[in-house]
Amino acid sequence: MALMCPGEDITATRELIAELLGDESNRGRVAALLGGTDVGYDMGAYASHPLVGQWFPGLQAYLAGDRTPIAERLRAARPVLADFTEDSVVAGIAAGWKDRVDLVAALPGDKPLPASAVLVRPDGYIAWAASVGSHERPAHHGLREALSTWFGAAS
């Protein structure tokens, strides 16, 4: 409301704010602060990927064979394991949790994805992620531990 008041000092501040919000990264940061999605959580020792503990980003990622955003799957209040690869190892590991975790084959959207697979908790936070092209560890490193930690033992 203060930015709507007349006056030279307010006009200068309004122009500065407008200039700062002209940058996409600044707009994203302000939106995250206002929306409360700037909070990150410590997800444990297996959380070596930078996305882990962060709010599921608004990536333009879609379910395979569909243009439905992955975020739509979270409306069911169930965790989602989105696999952007054709690697059956991730699906094999997740099979023990299929009664509690939705495994979906996914396609990247218009922007490159910073992960090849992500496990998203029902609250929208990423509990596990695998790096694209990571050669130091297998792509599924820590997945079993993350599934057990957040969703109990495999059935």
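Attention here is on the structure that accompanies the text. Given the structure is predicted, the values throughout are model-derived calculations rather than measurements. (Residues numbered from 1 in each chain as written. Predicted model: local features only at pLDDT ≥ 70, side-chain atom pairs only at ≥ 80, totals over all residues. Heavy atoms only, no water.)

### Focus: the overall build of the protein chain
Spelled out, the test is: Only runs of H or I of at least four residues qualify as helices and only runs of E of at least two qualify as strands under DSSP, and these elements are numbered from the N terminus. Buried, partly exposed and exposed residues are distinguished by accessible area as a fraction of the type maximum, computed with a 1.4 Å probe on protein chains only: under 20%, between the cut-offs, and over 50%, respectively. Whether two residues touch is decided by their heavy atoms; if any such pair falls within 4.5 Å, the residues are in contact. Only the protein chains shown count as cover for residues, and all accessible areas are computed by the Shrake-Rupley method using a 1.4 Å probe.
Assigned secondary structure in the protein chain consists of four helices and five strands. In the protein chain, the order of α-helices and β-strands from amino to carboxyl end is α-α-β-β-α-β-β-β-α. Looking at the protein chain residue by residue over its 155 residues, the buried ones come to 32%. Taking the intrachain contacts of the protein chain between residues at least 6 apart in sequence as the baseline, contacts between residues at least 24 apart amount to 59%. Summed over its atoms, the accessible surface of the protein chain is roughly 9300 Å², and 57% of this surface lies on carbon and sulfur atoms.

### With respect to the pairing of strand S5 (residues 126–130)
Convention followed: At least two bridges found by DSSP between two strands are what make those strands a pair.
In terms of residue burial, S5 counts as a mostly covered element, since five of its five residues are buried. Bridging between strand S4 (residues 117–120) and S5 involves four bridges; their strand directions are antiparallel. Pairing of Ala117 across the sheet is with Ala130, part of S5. In textbook terms, the turn of a hairpin is the stretch between consecutive antiparallel strands, and for S4 and S5 this stretch comprises five residues, one of which, Gly124, has a positive phi near 95°.

### Description of unusual backbone geometry
Phi is positive for Ala77, close to 60°, though the residue is something other than glycine. One can find Ala77 in the loop between strand S1 (62–63) and strand S2 (80–83).

### Focus: the pairing of strand S3 (residues 102–107)
Only one face of S3 is covered, namely the face carrying Asp102, Val104 and Ala106; the face carrying Leu103, Ala105 and Leu107 is uncovered. Examined bridge by bridge, S2 and S3 share four bridges and lie parallel to one another. Bridging across to S3, Val80 finds its partner in Asp102.

### Some points on the packing of aromatic side chains
Quick reminder of the rule: We call Phe, Tyr and Trp rings a pair once their centres come within 6.5 Å, taking the six-membered ring for Trp, and we label the pair stacked below 30 degrees between planes, edge-to-face above 60, and tilted otherwise. Lysine and arginine charges are scored as sitting over a ring when NZ or CZ, respectively, is within 6 Å of the ring centre and within 35 degrees of the ring normal.
Following the criterion strictly, the structure yields one aromatic pair and no others. Both rings, one in Trp55 and one in Tyr125, keep their centres 5.3 Å apart while their planes meet at 85°; by these two values the pair is edge-to-face. Of this pair, Trp55 sits in the loop between helix H2 (24–35) and S1 while Tyr125 sits in the loop between S4 and S5, placing them 70 residues apart in sequence. In this structure, Arg121 is placed above the aromatic ring of Trp150, and the distance from its NZ or CZ to the ring centre is 4.5 Å.

### Details of the pattern of salt bridges
Operational definition: When a carboxyl oxygen of Asp or Glu lies within 4 Å of a side-chain nitrogen of Lys or Arg, that pair is called a salt bridge.
Here the structure, examined in full by the defined rule, presents three salt bridges. Taking the shortest distance from any N to any O, the salt bridge between Asp102 and Arg78 comes out at 2.9 Å. Here Arg78 lies in the loop between S1 and S2 and Asp102 lies in strand S3, a separation of 24 residues in the sequence. Residues Asp99 and Arg100 are paired through a salt bridge, measuring 3.1 Å at the closest nitrogen-oxygen approach.

### Quick look at the side chain of Asp102
We count it as follows: Nitrogen and oxygen atoms within 3.5 Å of one another constitute a polar contact, given that in protein one can donate a hydrogen and the other can accept it, and given that sequence-neighbouring residues count only through two side-chain atoms.
By relative accessible area, Asp102 is classed as buried at 13%. Polar contacts involving the side chain of Asp102 include one to the side chain of Arg78, which spans 2.9 Å. If near-sequence neighbours (up to four positions away) are discounted, Asp102 is found in contact with Arg73, Arg78, Pro79, Val80 and Leu81.

### So, the environment of Val101
Of note, Val101 is situated in the loop between helix H3 (88–94) and S3. Along the sequence, Val101 and Leu81 sit 20 residues apart, while their C-alpha atoms lie 6.8 Å from each other. With sequence-adjacent residues up to four places away left out, Val101 is seen in contact with Arg78, Pro79, Val80, Leu81, Leu119, Leu147 and Phe151.

### Quick word on the side chain of His49
Looking at where His49 falls in the secondary structure, it is placed in the loop between H2 and S1. Here the side chain of His49 touches Leu51 through a polar contact of 3.0 Å, landing on its backbone nitrogen. Beyond its immediate sequence surroundings of up to four residues, His49 is in contact with Pro114, Ala115, Ala129, Ala130 and Ser131.

As far as function goes, none of this settles anything; it's purely spatial.
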